[in-house]
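Results of the structural survey
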Amino acid sequence: MLAVILAGCAAKKPPAALPSIPPPSPTPPMPAPTGPALTSSMAALPHFLMSMAGNFNDYSVSAIEGQDLDNASKPVALLSGAPMTAGDALYSPQLSHHRTKVVYVEAPAQALASSSNDGGGNVVVQNVDGTGAKVLATGDNVSPTWSPDDSQIAFVRSGVLWLMNADGSNPHALGLSINVDYYLAWSPDGSELAVASGDPSQIQLVNLATKAVTSVAGASEEDSPAWSPDGKHLAFSEQLTSSLYLAPVSGGTVGSAVELTSCTNPCLRDTEPAFSPDGALIAFVRFQPSGSGPGAVGEEQVWVVPVAGGAPHQVTDGPQEHAFPSW
């Protein structure tokens, strides 16, 4: 009997091993934008539009692109020489009004991602042909913005509005009674800066001569202000509806706003409006999920809408995200 039991035990097979689960495939790195070098002649074209391209989640890929919207194929060129330090990343570029220089924020990708202001770093200026890069301000700075005559640059440091000359000289805090959020917009006559401040965010007009701050009547949950070239209108992003609005401005008073874009499903938000030099178009950023996998498009892309009204259309594409449009 014992032999039979032993024989039965010996006949039992050990349980089959569970099949191993392969580890998930790593997400392929985002490819860097490609294209010919940007030239001064291209930047001087009437509807030349510049934007930042890359991975906005971790800033691992970032570049400054430009394209001519009057060209049906919309060829893309890259700003050479940026970032000026190998391995750094870029943020919030803006083209000067004379189309000869670009100002942007630069820092290591990890520093941009961990910045208290999201995307803060050194302020750098360089020529559009890729030469002459120079650090103008060090530290955790955001949102550098050209004055209308390109003689000054405004920027934000830890909620404080600063000004400096375009060569980096005479940097000074403006000494306002409010903290300033990310976006700035200089009025065409150079007398005011439109800023967003507070929680909920509200657009404020800052008189640069008197330092007086005027709240825009009825404006709340709004940011990303942009002045029209003639100074008669202010465009902004409305956070409650996630759309863009356009309001008349007269004597420092902002009138009733009308909806410029309608952000409906699958759109999540329209923001960062920027007027073309002729005042006919507004470029903006639209947040819109695009799925995943091969062929997926970055969820932030630059669109353009006629100021007179009409349907917006997308002007940037590809796996990279695009933001901070400037003409």
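Residues numbered from 1 in each chain as written. Predicted model: local features only at pLDDT ≥ 70, side-chain atom pairs only at ≥ 80, totals over all residues. Heavy atoms only, no water.

**Observations concerning the environment of T261**
Within the secondary structure layout, T261 lies in the loop between β19 (258–259) and β20 (269–275). Residue T261 is classed as buried on the basis of its relative accessible area of 2%. If near-sequence neighbours (up to four positions away) are discounted, T261 is found in contact with S243, L244, D270, F284, R286 and V305. (Helix = DSSP H or I, 4+ residues; strand = E, 2+ residues; numbered from the N terminus. Buried < 20%, exposed > 50% of the residue type's maximum accessible area, 1.4 Å probe, protein only. Contact = heavy atoms within 4.5 Å.)

**Considerations on the environment of V102**
Summarising the element assignment, V102 is placed in strand β5 (residues 101–108). Judged by relative accessible area, V102 falls into the buried class, the value being 0%. Ignoring anything within four residues of it in the chain, the contact list for V102 reads M50, I64, L79, P93, Q94, L95, V124, V125, Q126, V128 and W146.

**Topic: the pattern of salt bridges**
Under the criterion given, the structure shown has 2 salt bridges. In this structure, the salt-bridge partner of R269 is D223, at a minimum N-O distance of 2.8 Å. With R269 in strand β20 and D223 in strand β15 (residues 222–227), this residue pair connects regions lying 46 residues apart in the sequence. For R286, the salt bridge goes to D270, with nearest N and O atoms at 2.7 Å. Taken as a pair, R286 in strand β21 (residues 281–287) and D270 in strand β20 lie far apart in primary sequence, 16 residues in all. We classify R286 as buried; its relative accessible area is 8%. (Salt bridge = Lys/Arg side-chain N within 4 Å of Asp/Glu carboxyl O.)

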